Amino acid sequence: MTVMHHQGYEALVEYDEEAELFHGEVLNLRDVITFQGRSVDELKQALADSIADYLAFCAERSEEPEKPFSGQFVVRVDPGLHRAAASAARRAGLSLNKWVARTLEKAAG
């Protein structure tokens, strides 16, 4: 499997040996965006076209297109860990949100 990117969207691509065809799907959306091609160039163009079609479809319906990641997520932790993280953030002179973001950046490399 291979990952492709276009306009902030990420897609997973597989090769079907029997059909001699690459096919892919954009990840992390409730909406479904798929594409296919027989060559890398055809696949890249198909991904770009599928995303353009999706954006045009959303515009026609006066809907905001779904974004792969909003930058927000809820994390549930043990109250003791919550307290420890809040204390660590205070000691660092940061908001809890900023401290968590920095900690995640470090952990994610």
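The model shown is predicted, which means the values in this text are computed figures rather than measured ones.

1. Regarding a nonpolar patch on the surface
Piece 1. On the surface, a nonpolar cluster with roughly 540 Å² of combined accessible area is contributed by F73, V75, V77, L81, V100 and L104.
Piece 2. With respect to the secondary-structure elements, V77 resides in the loop between α1 (40-60) and α2 (79-92).
Piece 3. Judged by relative accessible area, which is 40%, V77 ranks as partly exposed.

2. With respect to a negative patch on the surface
Piece 1. Among the surface-exposed residues, D16, E17, E18 and E20 lie close enough to one another that they form a single negatively charged patch.
Piece 2. Inspection of the secondary structure assignment puts D16 in strand β2 (residues 9-16).
Piece 3. Judged by relative accessible area, D16 falls into the partly exposed class, the value being 31%.

3. Section: the pairing of β2
Piece 1. Relative to β2, strand β1 (residues 2-6) is paired through five bridges, and the arrangement is antiparallel. Counterpart to H5 in the pairing with β2 is E10.
Piece 2. Inspection of the sheet shows β2 paired to strand β3 (residues 21-26) by six bridges, in the antiparallel sense. Among the inter-strand pairings, D16 is bridged to a residue of β3, identified as L21.
Piece 3. Hairpin geometry of β2 and β3 is characterised by an intervening segment of four residues between the two adjacent antiparallel strands and by a positive phi of about 50° at E20.

4. Describing the sheet that holds β3
Piece 1. Judged by pairing direction, the sheet is antiparallel, and its four strands sit side by side in the order β1-β2-β3-β4 without closing on themselves. Of all strands in the sheet, those with a lone pairing partner are β1 and β4 (34-37), marking the two edges. Put simply, the sheet's adjacent strands are angled 30° from each other on average, direction ignored.
Piece 2. Strands β1, β2, β3 and β4 of the sheet are contacted by α1, whose axis makes an angle of about 155° with β4.

Procedures and definitions
- Residues numbered from 1 in each chain as written.
- Predicted model: local features only at pLDDT ≥ 70, side-chain atom pairs only at ≥ 80, totals over all residues.
- Heavy atoms only, no water.
- Patch = residues over 30% accessible without salt bridge, like charges linked within 9 Å, V, L, I, M, F, W, Y side chains within 5 Å.
- Areas by Shrake-Rupley, 256 points an atom, 1.4 Å probe, with all protein chains shown as cover.
- Salt bridge = Lys/Arg side-chain N within 4 Å of Asp/Glu carboxyl O.
- Helix = DSSP H or I, 4+ residues; strand = E, 2+ residues; numbered from the N terminus.
- Buried < 20%, exposed > 50% of the residue type's maximum accessible area, 1.4 Å probe, protein only.
- Lys, Arg positive; Asp, Glu negative; His and termini not counted.
- Charge placed at Lys NZ, Arg CZ, Asp CG, Glu CD.
- Pairing = 2+ DSSP bridges.
- Axes fitted to C-alpha atoms, helices over the stretch in contact; angles between N-to-C directions.
- Contact = heavy atoms within 4.5 Å.

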